[in-house]
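Take a look at the letters that make up each chain.
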Amino acid sequence: MPSLQMLVLFGSQTGTAQDAAERLGREARRRRFGCRVQELDSYAVANLIREPLVIFVCATTGQGDPPDNMKNFWRFIFRKNLPATSLCQLDFAVLGLGDSSYAKFNFVAKKLHRRLLQLGGSALLPACLADDQHELGPDAAIDPWLGTLWEKVLGLHPVPLDLPEIPSGVPLPSTFILQLFQDAPSTVPQESATSSLDSSQLPSESQPFLAPMVMNQRVTGPSHFQDVRLIEFDITGSGISFVAGDVVLIQPSNSAANVQQFCQVLGLDPDQWFTLQPREPGVSSPPGLPQPCSVWHLVTRYLDIASVPRRSFFELLACLSPHELEREKLLELSSATGQELLCEYCSRPRRTILEVLCDFPHSAGAIPPDYLLDLIPRIRPRAFSITSSLLVHPNRLQILMAVVQYQTRLREPRRGLCSSWLASLDPGQADPIRVPLWVRPGSLAFPESPDIPVIMVGPGTGVAPFRAAIQERVAQGQTRNFLFFGCRWRDQDFYWKAEWQDLEKRGCLTLVTAFSREQEQKVYVQHRLQELGPLVWELLDCHGAYFYLAGNAKSMPADITEVLMSIFQEHGGLSGPDAATYLARLQRTLHFQAETWA
């Protein structure tokens, strides 16, 4: 009987926090602790008062926001009416994953740690603030922190001497057993996605809407370095509704060529059917996988073979490998001392799981099918700002998408899974192309009053949510729309040029442009904001304008914030501290909103 039942709860947006949580679960089981690992929002949070030990693993997204799968927990834990002794029996630790190039580095982990203390919890050790910017990645902080954590846990809850630790080279049992069919099943399960839904059941991740793609148009010039697409879907009969600022999630698939190569390397028959049987009670089947399922469906729709493998991938592959030389190399890549080597081999050149398996063919060919779901993460949906309004385009949903492709030292160019897949689809072919999607609220909310002006700063594809907002506002008679748009060249990547100019002529839009490459000195949207400082100040301070920012998260938000602070001081007559207070008030009252991405 395990000496302690641990609980690991995670909030993860891209999978990194989930990977760290699952690592914690494996390390607990090796130390003979019982351990459950689950998403924060799938956990009945009221049960926290009865948990003896919980490790929270949480990422920070956007501008200091919690991941989608912990937002309900976040709202609950910050209720003002929770007693200060709510968690007085709880020992806890917080592992945060963040990126120090963002202003609110690991904000969620820091805030959660403080809140758990306020509610009476006892922290086993200070929060771990892992940094994606570190040259060795998050593990540079996680490795030593975990060492200290286990010392504390084993000190409080020693394991009986007759339960030795399971060595790291011995694989733990797989989560699922794949029970293979001798022949194809007589009845094949229906696709979990659907092309028509009961109006009471809105599309979701567990049941996306299969939307016909009706347009896939390149909107950058033929000589422009980047392929950007305007893609339109028909959502008739879906029950989907959205407003400006909302986001569509799209579930991509692996390419047929990659699926075929993966099956060849692992010796899998794509036409083989199987059912999944969990080894332990309480483990639910993976979302989106039908029962029974074909190997082709599993590899095409579920296994993220085009992602860059994490350290845990190499740890498990080393355990499973029968080939001595390959196993030695895999152990080196998964060791704490081999992280620089792993970074050089995998992270920097963005080598994919499929490419790694091809580099270790003997190990790949010996992977038991039971371990596929433990070894390879699932394909995650990709979020896109909706760039159209239902008031202008009824039963249609549009996105503006840059096709991700870049070169590293590897011969093959690196390609974004979702953008490459969508770009490859041809809506003109005879059979309709259907794409699994669903909609959720975004982080931008626009004012309903027609009198309130809005200032929108959207360079490049960051303009996408603002086109939806402008279409919606103009259709409702709201004309005080100010758009700052930046791109490289007016004849190459000036998205919706004719549409903006028509709205300007009708008096519905004030458009300010910055074409960065058309003069010797580069000009960006922040320069245009500075030039129009008196107007920006008047709109914000005298007319209660809302200010919106969307685009790349690296340097642009900081540059825009710096310009705003300068405007507040120069044209508002505020001191530096007062300008910072003014900006904080705009953010608190949602008069300053940002939606940024890496």
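This structure is a prediction, so every number in the text was calculated from the model and none was measured. (Residues numbered from 1 in each chain as written. Predicted model: local features only at pLDDT ≥ 70, side-chain atom pairs only at ≥ 80, totals over all residues. Heavy atoms only, no water.)

Quick look at the sheet that holds strand β9 (residues 228-234)
Turning to step 1, where the next piece is worked out: Strand order across the open sheet formed by six strands is β13-β10-β17-β8-β9-β14, with antiparallel pairing between neighbours. Only two strands of the sheet have a single neighbouring strand rather than two, namely β13 (382-385) and β14 (396-402). Pairwise comparison of adjacent strand axes, ignoring direction, gives a mean angle of 40 degrees for this sheet.
Turning to step 2, where the next piece is worked out: Of the pairings in the sheet, the one linking β9 to β14 comprises seven bridges and is antiparallel in character. For Ile 231, the partnering residue across the bridge sits in β14 and is Ile 399. (Pairing = 2+ DSSP bridges. Helix = DSSP H or I, 4+ residues; strand = E, 2+ residues; numbered from the N terminus. Axes fitted to C-alpha atoms, helices over the stretch in contact; angles between N-to-C directions.)

Description of the side chain of His 113
Turning to step 1, where the next piece is worked out: By the element assignment, His 113 lies in helix α3 (residues 107-118).
Turning to step 2, where the next piece is worked out: Among residues more than four places away in sequence, those in contact with His 113 are Phe 92, Val 94, Ala 123, Leu 125, Pro 126 and Ala 127. (Contact = heavy atoms within 4.5 Å.)

Observations concerning the packing of helix α1 (residues 16-30) against helix α7 (residues 311-320)
Turning to step 1, where the next piece is worked out: Taken N-terminus to C-terminus, the directions of α1 and α7 make an angle of 40 degrees; their axes are 10 Å apart at the nearest point. When the interaxial angle is binned, α1 and α7 end up oblique. Contact residues: Asp 19, Arg 23, Arg 26 and Arg 30 in α1; Arg 311, Ser 312, Glu 315 and Cys 319 in α7. (Parallel < 35°, antiparallel > 145°, perpendicular 65-115°, else oblique.)

Section: the state of the cysteines
Turning to step 1, where the next piece is worked out: Evaluation of the coordinates by the stated rule reveals zero disulfides.
Turning to step 2, where the next piece is worked out: Free of any disulfide, Cys 58 has its nearest neighbouring cysteine sulfur in Cys 128, separated by 11 Å.
Turning to step 3, where the next piece is worked out: For Cys 58, a relative accessible area of 0% translates into the label buried.
Turning to step 4, where the next piece is worked out: Between Cys 293, a cysteine without a disulfide, and Cys 263, which holds the nearest cysteine sulfur, the sulfur-to-sulfur distance is 12 Å. (Disulfide = S-S within 2.5 Å. Buried < 20%, exposed > 50% of the residue type's maximum accessible area, 1.4 Å probe, protein only.)

Some details on the packing of aromatic side chains
Turning to step 1, where the next piece is worked out: For the structure shown, the criterion picks out 18 aromatic pairs.
Turning to step 2, where the next piece is worked out: A centroid spacing of 5.4 Å and a plane angle of 65 degrees characterise the contact between Phe 494 and Phe 515, whose relative ring orientation is edge-to-face. Separated by 21 residues along the polypeptide, Phe 494 in the loop between β19 (481-487) and α15 (497-505) and Phe 515 in strand β20 (residues 510-515) bring together distant segments of the chain.
Turning to step 3, where the next piece is worked out: For Phe 494, a relative accessible area of 11% translates into the label buried.
Turning to step 4, where the next piece is worked out: Summarising the aromatic geometry, the rings of Tyr 495 and Trp 496 are spaced 6.4 Å apart at their centres and angled 65 degrees between planes, so their arrangement reads as edge-to-face.
Turning to step 5, where the next piece is worked out: Ring pairing ties together the aromatic residues Phe 485, Phe 494, Tyr 495, Trp 496, Trp 500 and Phe 515, which thus form one cluster.
Turning to step 6, where the next piece is worked out: When the ring centre of Phe 107 is taken as reference, the NZ or CZ atom of Lys 104 above it lies at 4.9 Å. (Phe/Tyr/Trp six-rings, centres within 6.5 Å; stacked < 30°, edge-to-face > 60°. Lys NZ or Arg CZ within 6 Å of the ring centre and 35° of its normal.)

So, the domain arrangement of the protein chain
Turning to step 1, where the next piece is worked out: Taken as a whole, the protein chain is organised into domain 1 (5-156), domain 2 (209-251 + 381-440), domain 3 (255-375) and domain 4 (454-596).
Turning to step 2, where the next piece is worked out: Each of domain 1 and domain 3 was reduced to a C-alpha centroid, and the two centroids are 27 Å apart.
Turning to step 3, where the next piece is worked out: Every contact between the two is made by eleven residues of domain 1 and, on the other side, ten residues of domain 3.
Turning to step 4, where the next piece is worked out: Summing the contributions of domain 1 and of domain 3, the shared interface buries around 790 Å²; its carbon and sulfur component is 37%.
Turning to step 5, where the next piece is worked out: Area buried by domain 1 at its contact with domain 3 is led by Asp 19, Glu 135 and Leu 136, which between them contribute 45% of it.
Turning to step 6, where the next piece is worked out: There are three salt bridges connecting domain 1 and domain 3.
Turning to step 7, where the next piece is worked out: Note that Arg 311 is salt-bridged to Asp 139, the shortest N-O span being 3.3 Å.
Turning to step 8, where the next piece is worked out: The tally of links from domain 1 across to domain 3 stands at four residue pairs in polar contact (both at pLDDT 80 or more). (Domains from an automatic or database assignment. Buried area = accessible area lost by both parts, 1.4 Å probe. Salt bridge = Lys/Arg side-chain N within 4 Å of Asp/Glu carboxyl O. Polar contact = N/O pair within 3.5 Å; in protein donor to acceptor, adjacent residues only side chain to side chain.)

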